[in-house]
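Spelled out from the first residue to the last, the chains are:
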Amino acid sequence: VALQKRDDVDIEGGWKVGAPVPYAALSKAFSLIEATTKRLEKTTILTSFLLLVIQRSAKNDHTSLLQAVYLCINRLSPDYVGVELGIGESLLIKAIGESTGRSLSVIKADLKKEGDLGLVAMNSKNSQKTLFKPKALTIPFVFSHLRDIALSSGHSSQAKKVSIITKMLAACQDFEAKYIVRSLEGKLRIGNAERSVLVALSQAVVLAERERSNKKWSQDQLAARLEEGAYIIKSVYRQGFSCSRCIARALIILWLNSELPTYDLVIPALLEVGIDGLREKCKLTPGVPLKPMLAKPTKAIGEVLDRFENKRFTCEYKYDGERAQVHMLEDGSVKVFSRNSEDMSKKYPDLVDQLPKCIKESTKSFVFDAEAVAIDRTTGKLMPFQELSRRKRKDVKVEDITVQVSLFAFDLLYLNGEPLLQLPLYKRRELLREHFTIVPGEFNFAKSSDSETTEEIQTFLEESVKDGCEGLMVKMLDTDASFYEPSRRSVNWLKLKKDYLAGVGDSLDLVVVGGYYGKGKRTNVYGAFLLACYDSDSEEFQTICKIGTGFSEEVLQTHYDTLKPLELTKPRGDIKVGGAKPDIWFEPKIVWEVLTADLSLSPIYTAAQGLVEDRGISLRFPRYLRIRDDKSADDATGPEQIAEMYERQALAQPKGKKKKGGD
Ligand code: ATP
């Protein structure tokens, strides 16, 4: 509440009620956020800004807040629409040159010195003498031009992009050029990830509601209201938020992360019906992918039995393919989404074509969760993931497809107008089997066995491996805890992979943050890489190991091609480096799946620092498995999981044999 009284947060700059939001206000807020390292302060500044946007928007104007939020997270649309920025350096240098009259070589020299093109653009603009003041930039203007740039394609698109950027830069004042250029690059670098934006958004909405209500709430009333909301959400979702005062935050995070993850619908709903009405208004909707439920790893069948003691559970084959969330809208159109909410309908036109055959007449609209697996249709044999990854990702034509795919459905989340997330799994499974039909080689239900004893599970596990699967998924079947938990890595879903049983443990998904130049045969590519895990609480990448094993020459070449455009001369501000010294840094974007022999404490790396000991944890003998292009950097393994793996391993070893000092 005190945030409104802060007088150092002057982000108003001539902003009138009902007028478009000045871009100067947003860029001022960004610069204040960038100037502090304190998370609370960052959120406070953003809350103040978003509150002003709400207060000064005309009645029924949802767009101002929507566009402001998109610019804060540097996106222009929901993930599944895929309108992306990420303009190359050379194009931006050209536009900066054209709008400021500076030569490209001078701009390049500045960039080398500063390591930040945004800063170079701002300094270039501010050192330029202008005769008259340009017309002030507004958020709608910037947003729509950024969209035009992201959407322009074709042979003349480069020139078109340069011309739009030049036009925008020409109108920039103060900090504006810095953030416009950074937005265009696809990285704002203010240390304010999406979670913090959500917190600020929820606080701004609650504060605006309080202001609008006739009764003025005291601090206690506000707290009580937050508590009341927490109760609603807990009773409906039974998710036990640890921070019960943060109801607004919990609510919005819940919807945006899970059931209806699109600002396009949540923000208008928030402004229209407020926090209270959000639950009714924002339900799972076919066409909007929800974040999938994930599983916890287990190392032994005994662990499964301990966890599910006296509860009914089911074991399903863990297919080795790609997650596919399949939606059918009321109008009969079909969409296939990836684990990361990307629209994969164009990658799988064959699945879209196959689908009508497996739908019963009573089925009008649905969302089901499935694994798409490569299959040999003549023998019916399942093929490993590597086979599936041979398929093209874009513009696939059905007639060109050589790798056939079958869907194995394991959950039903929506049927004929009704979300089913809160039904127990056995009921959802029943409905799935009732409303769909098996088409051999094209559509089937995940094979399952409601086993109970170690022997039964062991036999089913062996069978799954023989049939070409990775192991089993073990799921709670009929208690309260068996409802579908979008976006959660839940203890009610356990994965039991054959690899774990050999004592290796789960693989890790890590972000490539640095590279080491190759030697000998590897001189023209990177020979080794620095990896990091991602801490979603502190929103930072923590270094974990150097990896140089498991790559073929061909793979190294592919990695070089992918990573070269992401090179940075300095580590990005949100990388907690420790003692790692790679030759070059990368924009943290690419995720790899990695196996390790074991984990050790390390004086060099920063992963999970402070969770087990002051030192970080490192991987010993890490081995590259594959690229995870279905995961984004903030889906990478977190420090808690790493600490958990380390501690489990320490428990499994005889006393005094803890491994130390690995690289
Ligand atoms: P990984 O795929 O490496 O195990 P992940 O982080 O992608 O990890 P997890 O939750 O760990 O996801 O494992 C579940 C994944 O296994 C799902 O995302 C899905 O793609 C796949 N899968 C295969 N068969 C099933 C099944 N029967 N039920 C649920 N998920 C399944």
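Located above this text is the structure these notes cover.
Structure report, in brief. (Residues numbered from 1 in each chain as written. Predicted model: local features only at pLDDT ≥ 70, side-chain atom pairs only at ≥ 80, totals over all residues. Heavy atoms only, no water.)

1. Focus: the overall build of the protein chain
- Along its length, the protein chain carries 21 helices and 22 strands.
- In the protein chain, which comprises 663 residues, the share counted as buried stands at 54%.
- Considering only contacts in the protein chain between residues 6 or more positions apart, those separated by 24 or more positions represent 72%.
- Of the accessible surface of the protein chain, which amounts to about 29,900 Å², a share of 51% is contributed by carbon and sulfur atoms. (Helix = DSSP H or I, 4+ residues; strand = E, 2+ residues; numbered from the N terminus. Buried < 20%, exposed > 50% of the residue type's maximum accessible area, 1.4 Å probe, protein only. Contact = heavy atoms within 4.5 Å. Areas by Shrake-Rupley, 256 points an atom, 1.4 Å probe, with all protein chains shown as cover.)

2. Points about the site of the ligand
- Contacts to the ligand come from 18 residues, most closely from Ala 295, Glu 371, Lys 495, Arg 628 and Lys 631.
- Contact with the protein chains covers 97% of the free accessible surface of the ligand, which is 590 Å².
- At the level of secondary structure, the elements contributing two or more residues to the shell around the ligand comprise strand E1 (294-297), strand E2 (313-318), strand E11 (471-476) and strand E12 (489-497).
- When residues of the shell around the ligand are assigned to their parent elements, the largest contribution, four residues, is made by E12. (Near = heavy atom within 4 Å.)

3. Observations concerning the side chain of Ser 507
- For Ser 507, the position within the fold is in the loop between helix H19 (498-501) and strand E13 (508-517).
- Within the structure, Ser 507 has its side chain in polar contact with the side chain of Glu 593 (distance 2.7 Å).
- The contacts of Ser 507, once residues within four sequence positions are left out, are Lys 497, Glu 593, Val 594, Leu 595 and Leu 625. (Polar contact = N/O pair within 3.5 Å; in protein donor to acceptor, adjacent residues only side chain to side chain.)

4. Things to note about the pattern of salt bridges
- Counted according to the given criterion, the structure contains 36 salt bridges.
- One network of salt bridges, in which partners are shared, links Asp 509, Glu 593, Arg 626, Arg 628, Asp 630 and Lys 631. (Salt bridge = Lys/Arg side-chain N within 4 Å of Asp/Glu carboxyl O.)

5. Details of the packing of helix H7 (residues 139-151) against helix H8 (residues 157-170)
- One can describe the packing of H7 onto H8 by two numbers: an axis separation of 9 Å at closest approach and a directional angle of 165°. In terms of axis orientation, H7 runs roughly antiparallel to H8. Where H7 crosses over H8, the two elements pack in a sense that is left-handed. Residues Phe 141, Val 142, His 145, Leu 146, Asp 148 and Ile 149 of H7 lie in contact with H8, whose contacting residues are Lys 161, Ile 164, Ile 165, Lys 167 and Met 168.
- A class-by-class count of the residues in the contact of H7 with H8 yields seven nonpolar, one polar and three charged. (Axes fitted to C-alpha atoms, helices over the stretch in contact; angles between N-to-C directions. Parallel < 35°, antiparallel > 145°, perpendicular 65-115°, else oblique. Left-handed = near helix turned anticlockwise from the far one by under 90°. Nonpolar A, V, L, I, M, F, W, Y, C, P; charged D, E, K, R; others polar.)

6. Points about the packing of aromatic side chains
- A full pass over the atoms with the stated rule returns 25 aromatic pairs.
- Centroid distance Tyr 526 to Tyr 560: 4.9 Å. Interplanar angle 50°. Geometry classified as tilted. Of this pair, Tyr 526 sits in strand E14 (residues 526-535) while Tyr 560 sits in helix H20 (residues 553-563); the two residues are 34 residues apart in sequence, bridging distant segments of the chain.
- Taking relative accessible area as the criterion, Tyr 560 reaches 22% and is therefore assigned partly exposed.
- The ring of Phe 385 has Arg 626 lying over it, and the distance from NZ or CZ to the ring centre is 4.0 Å. (Phe/Tyr/Trp six-rings, centres within 6.5 Å; stacked < 30°, edge-to-face > 60°. Lys NZ or Arg CZ within 6 Å of the ring centre and 35° of its normal.)

7. Let's talk about the sheet that holds E11
- Overall, mixed pairing links the five strands, which are arranged E1-E12-E11-E2-E10 in an open sheet. Edge positions in the sheet fall to E1 and strand E10 (448-449), since each of these pairs with one other strand and no more.
- Taken strand by strand, helix H18 (residues 454-466) contacts E2, E10, E11 and E12, and its axis lies near 20° from that of E2. (Pairing = 2+ DSSP bridges.)

8. Observations concerning the side chain of Arg 429
- Within the secondary structure, Arg 429 is located in helix H17 (residues 425-435).
- Excluding residues within four positions of it along the chain, Arg 429 makes contact with Thr 314, Ser 448, Asp 450 and Leu 477.

9. Observations regarding the environment of Thr 37
- Mapped onto the fold, Thr 37 is located in the loop between helix H1 (23-35) and helix H2 (39-56).
- Note: C-alpha distance between Thr 37 and Leu 496 (459 residues apart in sequence) is 41 Å.

10. As for H18
- Helix length check: H18, at 13 residues, gives a terminal C-alpha distance of 18 Å against a target of 18 Å (1.5 Å per residue), a fit within 8%.
- Those residues of H18 not exposed but buried are Ile 457, Phe 460, Leu 461 and Ser 464. Along H18, the residues classed as buried sweep out an arc of 105° about the axis, all on the same side. Exposed residues on H18 whose side chains face more than 90 degrees from its buried face are Glu 455 and Lys 466. (Expected span 1.5 Å × (residues − 1). Arc of directions from axis to C-beta.)

11. Points about the packing of H1 against H2
- At their nearest, the axes of H1 and H2 sit 9 Å apart, and the two run at 170° to each other. With respect to H2, the element H1 is oriented roughly antiparallel. Seen from H1, the contacting residues are Ala 25, Leu 26, Ala 29, Leu 32 and Ile 33; seen from H2, they are Lys 42, Ile 45, Leu 46 and Phe 49.
- Considered class by class, the residues forming the contact of H1 with H2 number eight nonpolar, no polar and one charged.

12. Observations concerning the pairing of strand E3 (residues 322-328)
- Within E3, seven of the seven residues are buried, which leaves the element mostly enclosed by the surrounding structure.
- Going residue by residue along E3, you find Glu 322, Ala 324, Val 326 and Met 328 tucked away on one face and Arg 323, Gln 325 and His 327 tucked away on the opposite face as well.
- By the bridge criterion, seven bridges tie E3 to strand E5 (residues 366-376) in an arrangement that is antiparallel. Bridge assignment links Val 326 to a residue of E5, and that residue is Phe 368.
- Examined bridge by bridge, E3 and strand E4 (residues 334-337) share four bridges and lie antiparallel to one another. By the bridge assignment for E4, Gln 325 is matched with Phe 337.

13. Description of the nonpolar core
- Ranked by size, the top nonpolar core spans 79 residues in total, and within it Tyr 23, Phe 49, Leu 50 and Leu 184 carry the most contacts.
- With nine residues, the top contributor of residues to this core is helix H10 (residues 194-212).
- Beyond its immediate chain neighbours, meaning those up to four positions away, Leu 184 contacts Leu 85, Gly 86, Ile 87, Leu 92, Leu 146, Ile 149 and Ile 165.
- Tyr 317, Tyr 414, Leu 472 and Met 476 belong to the second largest nonpolar core, which has 33 residues in total. (Core = buried A, V, L, I, M, F, W, Y, C linked by side-chain atoms within 4.5 Å.)

14. Some words on unusual backbone geometry
- Look at Asn 60: it is not a glycine, yet its phi comes out positive at around 65°.
- Secondary-structure assignment places Asn 60 in the loop between H2 and helix H3 (63-72).
- On the basis of relative accessible area, Asn 60 is assigned to the exposed category, the value being 65%.
- In this structure, Asn 310 takes a positive phi of about 60° despite not being glycine.
- Note on placement: Asn 310 falls in the loop between helix H14 (301-307) and E2.
- Given a relative accessible area of 79%, Asn 310 falls into the exposed group.

Functional significance is not addressed by these values, which are geometric in nature.
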